[in-house]
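Given next are the chains, with one letter for each unit.
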Amino acid sequence: MKQQHLIALDLDGTLLNNHKVISERTLQTIEAAKKEGHIVAIATGRPYRVSKQFYHQMGLDTPIVNMNGALIHHPKQANWDHMHSPLPKEVAHDIVETCYNVGVQNILAEIMDEVYIEFDNSHDITHFFQAGLEQPARFGKIKENLAQDPSSVLIHPFDDRVDEIRQTLTDRHATIVDHRKWGAPFHVIEVIRSNMHKAVGVQKIAQEYGISKDRIIAFGDEDNDFEMIDYAGVGVAMGNGIDELKSMANEITTTNHDDGVAQFLEEYLSLPKNILTK
């Protein structure tokens, strides 16, 4: 029997192609890997409500890493030892104040699957983060409305102010928060509690299944994948990934739109070719 591997998949820019879907070839490859006994898990910056469609599409029954590690849980096992590591509310309020001073397009905060949105500006980003909500998002001043510690704060900056905001966050809150830039589906800055990242979740899932570090294959494309790619025994950067990630990865595959995940897994895991026809 082949050695069991954990396959950790980022979504946007990695598993999903440029049309924001999983290609048929990649779906077949994932199914082939599962049939060989490998464990497949999602590790994404997205909240669960906007990642669960892909979880179900791949027929997964594994824990999932959401919000870049701020939430690690098992959608099908309510009693699983989940981890939720929110930001202190006071820090979130200070981050919002920083955004007021610098100027941003919008600010959002999430508490699990509750969403708070500063400006109702009808931008695509507001629609994206409202998808799958059981209760409507709350619009208005986050500093007044947010009464609990949030899972994350998301900043939609003006393009020319990204560096200023990130530097301010580093200067004011380096010991408390981590901030990462999404490349897709929107260019936002996500702020979560310090030392929470995808690698924390991947490590927890690997321990759950007794999979050693050298048998973890992780795929990513952006700076929120740094720790996961570095931690995995086989860290794979997408061809469309940022240069910093490529420089630290063990391997580089083709782009997300050219089935880079599928191409790598087919070869690395020697998956049956007859299953993988387009």
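Residues numbered from 1 in each chain as written. Predicted model: local features only at pLDDT ≥ 70, side-chain atom pairs only at ≥ 80, totals over all residues. Heavy atoms only, no water.

Caption draft 1: Layout of the overall build of the chain. Helices and strands together make up the secondary structure of the chain, namely 11 helices and 14 strands. A compact globule built from 278 residues should have a C-alpha radius of gyration of about 19 Å, and the chain, at 18 Å, falls within 12% of that. Overall size of the chain, expressed as C-alpha extent along the three principal axes, is 55 × 40 × 35 Å. In the chain, which comprises 278 residues, the proportion classed as buried is 57%. Long-range pairs, those at least 24 residues apart, make up 59% of the contacts in the chain with a sequence separation of at least 6. Counting only carbon and sulfur atoms, one obtains 45% of the accessible surface of the chain, whose full area is about 12,000 Å². The centroid of the 26 positive side-chain charges in the chain is displaced by 3 Å from the centroid of its 41 negative side-chain charges. (Helix = DSSP H or I, 4+ residues; strand = E, 2+ residues; numbered from the N terminus. Rg over C-alpha atoms; globule rule 2.2 N^0.38 Å. Buried < 20%, exposed > 50% of the residue type's maximum accessible area, 1.4 Å probe, protein only. Contact = heavy atoms within 4.5 Å. Areas by Shrake-Rupley, 256 points an atom, 1.4 Å probe, with all protein chains shown as cover. Lys, Arg positive; Asp, Glu negative; His and termini not counted. Charge placed at Lys NZ, Arg CZ, Asp CG, Glu CD.)

Caption draft 2: A look at empty space enclosed by the protein. Evaluation of the coordinates by the stated rule reveals 2 cavities of 30 Å³ or more. Looking at the second largest cavity, its volume works out to about 40 Å³. Around the second largest cavity, the lining residues are Asn68, Asp178, Arg180, Ile192, Met196, His197, Lys198 and Asn224. Counted by class, the lining of the second largest cavity contains 2 nonpolar, 3 polar and 3 charged residues. (1 Å grid on protein atoms, 1.4 Å probe; cavity = no way out; pocket = protein on both sides within 12 Å on 5 of 7 lines; lining within 4 Å. Points joined across faces, edges and corners; volume = space filled by probe spheres on them. Nonpolar A, V, L, I, M, F, W, Y, C, P; charged D, E, K, R; others polar.)

Caption draft 3: Region of the structure containing the sheet that holds strand 12 (residues 216-220). Strand order in the open sheet formed by 5 strands is 2-1-12-13-14, with parallel pairing between adjacent strands. Looking along the sheet, the strands with just one partner apiece sit at the ends: strand 2 (39-42) and strand 14 (251-252). Pairing of strand 12 with strand 13 (residues 234-237) involves 4 bridges; the strand directions are parallel. Residue pairing across strands places Ile217 opposite Val234, the latter belonging to strand 13. Strand contacts of helix 8 (residues 198-209): strand 1 (6-9), strand 2 and strand 12, with the helix running at about 155 degrees to strand 1, the strand carrying the most contacts. The sheet strands contacting helix 11 (residues 260-268) are strand 1, strand 12, strand 13 and strand 14, and the helix crosses strand 12 at an angle near 160 degrees. (Pairing = 2+ DSSP bridges. Axes fitted to C-alpha atoms, helices over the stretch in contact; angles between N-to-C directions.)

Caption draft 4: Summary view of the nonpolar core. If you look at the biggest cluster of nonpolar residues, it comprises 28 residues, and the most contacted ones within it are Ile7, Leu9, Ile42, Met58, Ile217, Phe219 and Leu265. Counting only elements with at least two residues in this core, the list comes to strand 1, helix 1 (11-15), helix 2 (24-35), strand 2, helix 3 (52-57), strand 12, strand 13 and helix 11. The element contributing the most residues to this core is helix 2, with 4 residues. Apart from the residues within four sequence positions on either side, Phe219 is in contact with Ile7, Ala8, Leu9, Asp10, Thr14, Met228, Ile229, Val236, Met238, Val261, Phe264 and Leu265. (Core = buried A, V, L, I, M, F, W, Y, C linked by side-chain atoms within 4.5 Å.)

Caption draft 5: Up close: the pairing of strand 2. Here strand 2 shows two buried faces, one formed by Ile39 and Ala41 and the other by Val40 and Ile42. Judged from the 4 bridges that link them, strand 1 and strand 2 form a sheet pairing that is parallel. For Ile7, the partnering residue across the bridge sits in strand 2 and is Val40.

Caption draft 6: Up close: the packing of helix 4 (residues 89-102) against helix 7 (residues 162-173). Two elements in contact, helix 4 and helix 7, have axes whose closest approach is 11 Å; the angle formed by their N-to-C orientations is 145 degrees. The handedness of the crossing between helix 4 and helix 7 comes out as right-handed. Residue-level contacts link Val91, Asp94, Ile95, Thr98 and Val102 of helix 4 to Glu164, Ile165, Thr168, Leu169, Arg172 and His173 of helix 7. (Left-handed = near helix turned anticlockwise from the far one by under 90°.)

Caption draft 7: Summary view of helix 8. Spanning 12 residues, helix 8 covers 17 Å between terminal C-alpha atoms, matching the ideal 16 Å at 1.5 Å per step. For helix 8, the complete set of buried residues consists of Lys198, Ala199, Val200, Gly201, Val202, Lys204, Ile205 and Ala206. Positive phi appears at Gly210, one or two residues downstream of helix 8, with a value of about 65 degrees. (Expected span 1.5 Å × (residues − 1).)

Caption draft 8: Molecular detail of the side chain of Thr126. With respect to the secondary-structure elements, Thr126 resides in helix 5 (residues 124-130). Thr126 gets classed as buried once you look at its relative accessible area, which sits at 1%. In this structure, Thr126 is in contact with Asn106, Ile117, Phe119 and Asn121, ignoring residues within four places of it in sequence.

Caption draft 9: View of the side chain of His74. The residue His74 is located in the loop between strand 4 (71-73) and strand 5 (83-84) in this model. Judged by its relative accessible area of 7%, His74 is buried. Setting aside residues no more than four positions away along its own chain, His74 makes contact with Tyr55, Asp61, Thr62, Pro63 and Trp80.

These figures capture arrangement, not role.
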